[in-house]
Amino acid sequence: GSGKTTIIEGLAKFIDSKKIAVIQGDLESDIDKKRLEKSNIQTYQINTHSGCHLNASMINEALMDMDLSNKEYLIIENVGNLVCPAGVNLGQDINLIVSSTTEGSDKPKKYPVIFSDADIIVISKMDLMAAVGFDEKQYLSDLKNINGKALVIKTSSKENSSFKELVHEIKHFRSHKVNEHHHH
């Protein structure tokens, strides 16, 4: 409920959805997969049943089944919790956490491990900040103690342009990665 699927839909407003593929981890349902397919995003569903996170072999299997020709972005949407996915490497280039105002401002303090690994932290549902009493100052100061390097981007589904910055940062991050690979 932090807004991960909404974030992917937001990205697709600024990146051609035909260039995005998503691997989606969920305990049982394919509700989010159906949602993304409405935005014409190719989505591969992995139901983990009792498993609380995806692992590399699940991703490998998904990739064998997917047609990634002409895709530029592969997004792995992990099972939604802040404990289990921490520290499990799926071969991703960017670790992105979506943390919503409605979940409370204590998240970085409660789940330091996953926040310490993050490259980008999206604070979603900014439009609900006042209603739920989200303490942005506290959140950011706790975050700084755990991970001073992560980029923080604030989004709201009421405001399409808030996803523009995220797209910009992902593209920026990616061009650096691509250059790194070329130099080795």
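Since the model is a prediction, treat every value here as computed from it, not as a measurement. Counting starts from 1 at the beginning of each chain's written sequence and moves along it residue by residue. Reporting in this predicted model follows two pLDDT cut-offs: at least 70 for local features of residues, and 80 or more for side-chain atom pairs to be given and counted; totals over whole chains, interfaces and linings ignore these cut-offs and use all residues. Side-chain measures were taken over the full set of non-hydrogen atoms in the model, leaving aside hydrogen atoms and water.

Participant: How should I be thinking about the state of the cysteines in this particular structure?
Facilitator: As used here, a disulfide is simply a covalent bond connecting the sulfur atoms of two cysteines. What counts as a disulfide here is a pair of cysteine sulfur atoms lying within 2.5 Å. Throughout the structure, instances matching the rule amount to one disulfide. Put simply, cysteine 52 and cysteine 84 are joined by a disulfide, and their sulfur atoms are 2.3 Å apart. One disulfide, between cysteine 52 and cysteine 84, carries an S-S torsion of -100 degrees and so falls in the left-handed class. In this pair, cysteine 52 sits in the loop between strand 2 (42-47) and helix 3 (56-65) while cysteine 84 sits in the loop between strand 3 (73-77) and strand 4 (96-100), placing the two residues 32 residues apart along the sequence. Here's how the labels work: a residue is buried when its accessible area is under 20% of the maximum for its type, exposed when over 50%, partly exposed in between, all with a 1.4 Å probe on protein chains only. With relative accessibility at 29%, the residue cysteine 52 sits in the partly exposed group. Secondary structure counts use DSSP, requiring at least four H or I residues in a row for a helix and at least two E residues in a row for a strand, with both numbered from the N terminus.

Participant: What's the story with helix 7 (residues 136-146) in this structure? I'm lost.
Facilitator: Helical periodicity: at 3.6 residues per turn, an α-helix aligns residues three or four positions apart in one direction. Inspection of helix 7 places Glu136, Tyr139, Asp142 and Leu143 among the buried residues, and these make up the whole buried set. Viewed end-on, helix 7 has its buried residues packed into an arc of 135 degrees, placing them on one side of the element. Pointing more than 90 degrees away from the buried face of helix 7 are the exposed residues Lys137, Lys144 and Asn145. Note on contacts: a residue pair is in contact if any heavy atoms of the two residues lie within 4.5 Å. Tucked inside the fold, the buried residues of helix 7 contact strand 4, helix 4 (107-110), helix 5 (112-116), strand 5 (120-124), helix 6 (129-132) and strand 6 (151-154). Along the arc lie the directions from the helix axis toward the C-beta atoms.

Remember that the coordinates give geometry; whether it matters functionally is a separate question.
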